[in-house]
Amino acid sequence: DCITQAISPATYNIGKCPMCRAVVSVYSTVLVDTGKPLREPKYSTIFGGVYVQCGRPGMASYHFDSPDVCYIGYHHAPTEWKSEDGTPFPARKPFLSPSFEPATRTFRGEIDWSDHPVGGANKWVYNVLFSESLAFICGGGIEQLGADGQVIQTKYFPRDLMYWREPAPLTSIVGSVYVQYDQVGLASYHFESEHEAYVSYAAAPEQWRLGDSSRPPAKKPFLSPSYDPQTRTFTGTIDWSPTTFGGDARWEYTMIFSEDYTCIACGSVVAFGPDGKQSTTIRFDGSTARPSLLESARSALRPRAPALTYRRHNEDILELFAW
């Protein structure tokens, strides 16, 4: 139990052993009686995957189509990304001699720039270490070699370059969790099916109290949940009666999700007092920039904010930052 708590999903599957304080994960910690890890990785291979920076393929993204077909994608690269002679980067730049060792989760390959050198380099030599979950690149680097074969510069993962696996395109809210401030359990929305959803307060601040001084529950189910896939609209009600939360007895939700399902684009939460009269309306704003850590801390001290910004929980990216 101590180890499970130390490396729970709340710590993004990585933590320190409560005994020796070494860094461990749910993927490398096994049960003695079965020999199986606490959690199986989501991915079993890098092949068929695309690893991105800046959250978008084509910005020097790494494509591993098969053991023999691996390349860097530049199809969305800025126009200023060019070789020394002004030649634009190709849409696909193949890795030469690509290889992947599953036992060490290590990829090796070379990029040949001898026809059009980049930053004085004729060749980039890759030695890439993937995380246990294969969800992100956790180590290794790129050696940039000049025409004489000498190393000009070395860039390291993830210190200089942060890459994570692009998730499969979403077509529904089902199975997704939407969070504010990257925190599951801080009034996060969990959609288990089109007709079953709840709000999680498992990580709510101590200050968040109901009208009867009790803590909000870890799982507060939506009443009458409904989802329209044509308009990507979810509606549901949170009923706090016979007590209240923030002076409200009932919240009526309308959430409209973005086309790619990565955030709640718009909608509102209409609050009603114990007398049944509407009190306030808080709107969802998917365009709001990610708040600073200071603002996150401030907002954690109050149950509601002037605008609600919710994004789909991407455990892979958060696991990378926890690393």
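Conventions used here
Residues numbered from 1 in each chain as written. Predicted model: local features only at pLDDT ≥ 70, side-chain atom pairs only at ≥ 80, totals over all residues. Heavy atoms only, no water. Helix = DSSP H or I, 4+ residues; strand = E, 2+ residues; numbered from the N terminus. Contact = heavy atoms within 4.5 Å. Polar contact = N/O pair within 3.5 Å; in protein donor to acceptor, adjacent residues only side chain to side chain. Pairing = 2+ DSSP bridges. Core = buried A, V, L, I, M, F, W, Y, C linked by side-chain atoms within 4.5 Å. Buried < 20%, exposed > 50% of the residue type's maximum accessible area, 1.4 Å probe, protein only. Salt bridge = Lys/Arg side-chain N within 4 Å of Asp/Glu carboxyl O. pLDDT = per-residue confidence, 0-100. Phe/Tyr/Trp six-rings, centres within 6.5 Å; stacked < 30°, edge-to-face > 60°. Lys NZ or Arg CZ within 6 Å of the ring centre and 35° of its normal.

This part is about the environment of Asp160. Structurally, Asp160 is set in the loop between β11 (151-156) and β12 (164-165). Sequence separation of Asp160 and Gly141 is 19 residues, and the distance between their C-alpha atoms is 8.9 Å. Apart from the residues lying within four places of it in its own chain, the contact partners of Asp160 are Thr154 and Lys155. Within the local environment of Asp160, its side chain forms a polar contact with the side chain of Arg159, the two groups lying 3.2 Å apart.

Attention now goes to the sheet that holds strand β15 (residues 196-200). Read across the open sheet, the five strands follow the order β16-β15-β14-β13-β23; overall the sheet is antiparallel. Edge strands, defined here as strands with exactly one partner in the open sheet, are β16 (219-221) and β23 (311-312). By the bridge criterion, two bridges tie strand β13 (residues 177-179) to strand β14 (residues 188-193) in an arrangement that is antiparallel. Note that in β14 the partner of Val177 across the bridge is His190.

Residues Tyr62, Phe107, Trp124, Tyr126, Phe130 and Phe157 are the most contacted members of the largest nonpolar core, which totals 33 residues. For this core, the elements supplying multiple residues, two or more each, are β3 (49-52), β4 (61-64), β5 (70-73), β8 (106-112), β9 (123-130) and β10 (137-145). A total of four residues in this core trace back to one element, the largest contributor, which is β9. Phe130 has contacts with Ile46, Tyr51, Phe64, Phe100, Arg105, Phe107, Phe136, Ile137 and Cys138, leaving out every residue within four places of it along the chain. Ranked by size, the runner-up nonpolar core spans 30 residues in total, among them Tyr189, Phe245, Tyr261 and Tyr310.

Here we take up the pairing of strand β21 (residues 278-284). Pairing of strand β20 (residues 264-272) with β21, which is carried by four bridges, proceeds in the antiparallel orientation. Directly across from Val270, in β21, lies its bridge partner Thr281. The hairpin turn running from β20 into β21, its antiparallel successor, is five residues long, and Gly276 in that turn takes a positive phi close to 85°. Taken together, the two bridges between β21 and strand β22 (residues 307-308) define a ladder with parallel strand orientation. Bridging from a neighbouring strand, Arg283 pairs with Ala307 of β22.

This brings us to the pattern of salt bridges. One pass over the full model with this rule turns up six salt bridges. Between Arg215 and Glu206 there is a salt bridge, with its nearest N and O atoms 2.9 Å apart. A relative accessible area of 48% means that Glu206 is categorised as partly exposed. Within the structure, one salt-bridge network assembled from shared partners comprises Glu206, Arg209 and Arg215.

Detailed reading of the predicted coordinates is not advisable wherever pLDDT is low. Chain-level statistics for the protein chain give a pLDDT mean of 87 and a share of 84% at 70 or above. Long-range and interchain partners of residues 289-304, a stretch whose pLDDT sits below 50, account for 22 contacts in this model, where long-range means more than four residues apart.

Let's shift gears to the sheet that holds strand β17 (residues 223-228). Spatial strand order, β17-β18-β19-β20-β21-β22: six strands in an open sheet with mixed pairing. Each of the sheet's edge strands pairs with one partner strand only, and the pair in question is β17 and β22.

This part takes up the packing of aromatic side chains. Summed over the entire model, instances satisfying the criterion amount to 36 aromatic pairs. When the ring of Tyr74 is compared with that of Trp81, the centres are 6.2 Å apart and the planes differ by 80°; the resulting orientation is edge-to-face. Its relative accessible area of 6% is what places Tyr74 among the buried residues. Between Tyr201 and Phe245 the ring centres are 5.9 Å apart and the planes differ by 70°, which places this aromatic pair in the edge-to-face class. Note that Tyr201 is positioned in the loop between β15 and β16 and Phe245 in the loop between β18 (233-239) and β19 (250-257), a separation of 44 residues in sequence. The exposure class assigned to Tyr201 is buried, which follows from its relative accessible area of 3%. Judged by its relative accessible area of 1%, Phe245 is buried. Ring-pair connections join several aromatic residues into one group, and the members of that group are Phe47, Tyr51, Tyr62, Phe64, Phe95, Phe100, Phe107, Tyr126, Phe130, Phe157 and Tyr163. Over the ring of Tyr43 we find Arg165; its NZ or CZ atom is 4.1 Å from the centre of that ring. Here the basic side chain of Lys219 rests over the ring of Tyr198, its NZ or CZ set 4.5 Å away from the ring centre.

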